[in-house]
Amino acid sequence: AGDAALIAGIMDATDKECGRPITWEIPTIRPSYIRDNYQNRTVPISMMPWSLSVKMFGVPTYRSIMRTDLSLIFDAILFDRALYNPLFNYLSTVATLLPIARKRGKLLGYYNVGVGPVNTGAGKEMLRRLTDIIDFVTVRDQDSYDILREIGVENPNVLISADAALNVRSCADERTKEILQSVGFTMGEEILAINLSKYIDTWAGAGTEPLGREKFLKIYAAALDTVLEKIKVPLLLVCTQVHDIELSKQLMDLVTKAPKKGIISNDRYNHYDIKGVLGNVSLLCGMRLHATILASAGLTPILGIPHQPKVGHYFKTAGVPERILTFKDFTESALIDFLLRGWSDRRSIKAKLEDSIPKLKERALIPARMIAELNRGGSIASFFEDRAKHAA
């Protein structure tokens, strides 16, 4: 749902700034989703083996890059874990394909990307070389900007924007009401929402042995039972990634003190639906980045348990850096205190979001305006003349 929301935010903003629908070619393993869930002019590009592709590395993506006018990188594919495995890592793929497009005179852009982690010499050099040939680079947080400068990127056209998913519209209230009713909830009632990642702490860099699923679930379920006995509200598990559904169901089954509980996931609901639901809960404690973004974009108070550094980066950008619990502090007592303080402080968290989110939504539109200017044959130099005003 995160990737789907980002694609929607990018296309809608750019079409609006250009004043007309443009054609979007999107590499995907689910062409039907791209065709059925957007009103934009989309062309799915197959990433399946029978199309001569190893995920994004293949003939269809190469042909798409060569025939289109502009190639955009978005989200957080600029990391060096399993760097040379195209089934998992896209940095090596785009670092191979985009320089060819550059030589053909094609435009290249980073659209509100997150950067890192990059820990290897090869990864840093690959990312540096790629970034220095990009026409415009917009990153969604200060940490990503700092990483690019630390690895030696010299491209002057780099500025800090915000995540494209912030501007994605929600489904209609009637649709939200229908979704909540399907799991026994009603609009307007107080709800504690939880979002998990199947990766748990394997990406978190906690500096210790991974918790493992069993220990993670035991700690989380026990903490939730204590919290729910005190606050006496329903528990809603919200999945933005289908890979997290099994873990979420296991946690829901272990929790016994919720007055009622339910699960909503993106195997059934699209990104507009998920955003509508997250905009109608009282507090979200999320692990996935775009669960917290979709919630906070609707001014829902958020807490974070960062399964990746980018989650912590977003909380800093959103003005609530103190509202995260890292895995090095992940104990039952710490989690109970974290959730109870978050619940008690949800109005003050919302007040901070009311200040930061409108500014972030405006900054998230910067690359769409750049693309529109390029589309008109103009120059984007003015966007970078005073980069400091875009800093977080």
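Heads up: the structure comes first, above all this text.
Residues numbered from 1 in each chain as written. Predicted model: local features only at pLDDT ≥ 70, side-chain atom pairs only at ≥ 80, totals over all residues. Heavy atoms only, no water.

### Considering the overall build of the protein
Reasoning step 1: Summing up its helical and strand segments, the protein has 15 helices and 13 strands in all.
Reasoning step 2: In terms of overall size, the protein behaves like a compact globule, its C-alpha atoms giving a radius of gyration of 21 Å where 392 residues would be expected to give roughly 21 Å.
Reasoning step 3: Across the 392 residues in the protein, those meeting the buried criterion constitute 56%.
Reasoning step 4: Look at the contacts in the protein between residues 6 or more apart in sequence, and 68% of them connect residues 24 or more apart.
Reasoning step 5: As displayed, the protein offers around 16,600 Å² of accessible surface, 50% of which is attributable to carbon and sulfur atoms.
Reasoning step 6: Charged side chains in the protein number 50 positive and 44 negative. The centres of these two groups are separated by 2 Å. (Helix = DSSP H or I, 4+ residues; strand = E, 2+ residues; numbered from the N terminus. Rg over C-alpha atoms; globule rule 2.2 N^0.38 Å. Buried < 20%, exposed > 50% of the residue type's maximum accessible area, 1.4 Å probe, protein only. Contact = heavy atoms within 4.5 Å. Areas by Shrake-Rupley, 256 points an atom, 1.4 Å probe, with all protein chains shown as cover. Lys, Arg positive; Asp, Glu negative; His and termini not counted. Charge placed at Lys NZ, Arg CZ, Asp CG, Glu CD.)

### A closer look at the nonpolar core
Reasoning step 1: Judged by nonpolar contacts, the single largest core of 103 residues is most densely connected at F216 and Y220.
Reasoning step 2: Considering every element that reaches this core, the biggest residue donor is helix α8 (residues 213-231), with ten residues.
Reasoning step 3: In contact with Y220, not counting residues within four places along its chain, are I194, L196, L251, C285, I305, F330 and L335.
Reasoning step 4: Grouped together as the second largest cluster of nonpolar side chains are 33 residues, I65, A95, I147 and V153 included. (Core = buried A, V, L, I, M, F, W, Y, C linked by side-chain atoms within 4.5 Å.)

### Regarding the environment of K106
Reasoning step 1: Relative to the helices and strands, K106 is located in the loop between α4 (91-103) and β6 (107-113).
Reasoning step 2: C-alpha separation for the pair K106 and R268, spaced 162 residues apart in sequence, amounts to 38 Å.
Reasoning step 3: The residues contacting K106, other than those within four sequence positions of it, are I65, M66, R67, T68, D69, A101 and D135.
Reasoning step 4: In this structure the side chain of K106 is engaged in a polar contact, spanning 2.7 Å, whose partner is the backbone oxygen of M66.
Reasoning step 5: At a separation of 3.1 Å, a polar atom in the side chain of K106 contacts the main-chain carbonyl oxygen of T68. (Polar contact = N/O pair within 3.5 Å; in protein donor to acceptor, adjacent residues only side chain to side chain.)

### A look at the sheet that holds strand β10 (residues 235-239)
Reasoning step 1: Taken together, the five strands give an open sheet; going across it, the order is β11-β10-β9-β12-β13, and neighbouring strands pair in parallel fashion. Of all the strands in the sheet, the pair left with one neighbour each is β11 (261-265) and β13 (302-304). Between one strand axis and the next, the sheet turns through 20° on average, direction left out of account.
Reasoning step 2: Note that β10 and β11 share five bridges and pair parallel. Residue pairing in the sheet places V238 in a bridge with I264 of β11.
Reasoning step 3: Packing of helix α10 (residues 271-278) onto the sheet brings it into contact with β10, β11 and β12 (283-286), and relative to β10 it is tilted by some 150°. (Pairing = 2+ DSSP bridges. Axes fitted to C-alpha atoms, helices over the stretch in contact; angles between N-to-C directions.)

### Here's the deal with the sheet that holds strand β7 (residues 136-139)
Reasoning step 1: Reading across the sheet, the four strands line up as β5-β6-β7-β8 and stay open at both edges, with parallel pairing between neighbours. Strand pairing shows two members of the sheet lacking a second neighbour, β5 (70-74) and β8 (158-160), which therefore form its edges. If you compare each strand with its neighbour and ignore which way they point, the axes differ by 20° on average.
Reasoning step 2: Contacting β5 and β6, helix α1 (residues 2-18) runs over the sheet at an angle of about 140° to β5.
Reasoning step 3: Its contacts with the sheet place helix α6 (residues 142-150) against β6, β7 and β8, and it is angled at close to 155° to β8.

### Focus: the pattern of salt bridges
Reasoning step 1: Evaluation of the coordinates by the stated rule reveals 22 salt bridges.
Reasoning step 2: Residues R128 and D132 are paired through a salt bridge, measuring 3.5 Å at the closest nitrogen-oxygen approach.
Reasoning step 3: A relative accessible area of 27% places D132 in the partly exposed class.
Reasoning step 4: The structure contains a network of salt bridges with shared partners spanning E125, R128, R129 and D132. (Salt bridge = Lys/Arg side-chain N within 4 Å of Asp/Glu carboxyl O.)

### Structural notes on unusual backbone geometry
Reasoning step 1: For the peptide bond that leads from G116 to P117, omega is 0°, which places it in the cis range.
Reasoning step 2: Within the fold, P117 resides in the loop between β6 and α5 (121-131).
Reasoning step 3: Backbone geometry at K55 places phi at a positive 55°, although glycine is not the residue there.
Reasoning step 4: Along the chain, K55 turns up in the loop between β3 (53-54) and β4 (57-58).
Reasoning step 5: Of note, I200 is a non-glycine position whose phi angle comes to about 50°, a positive value.

### A word on the packing of α8 against helix α13 (residues 332-344)
Reasoning step 1: Orientation of α8 relative to α13, taken along the N-to-C sense of each, is 40°, at an axis distance of 9 Å. Taken together, the axes of α8 and α13 are oblique relative to one another. Crossing geometry of α8 relative to α13 is assigned as right-handed. Across from I219, Y220, A222, A223, L224, T226, V227, K230 and I231 in α8, the residues of α13 making contact are E332, L335, I336, L339, L340 and W343.
Reasoning step 2: Tallied by class, the residues present in the contact of α8 with α13 amount to twelve nonpolar, one polar and two charged. (Parallel < 35°, antiparallel > 145°, perpendicular 65-115°, else oblique. Left-handed = near helix turned anticlockwise from the far one by under 90°. Nonpolar A, V, L, I, M, F, W, Y, C, P; charged D, E, K, R; others polar.)

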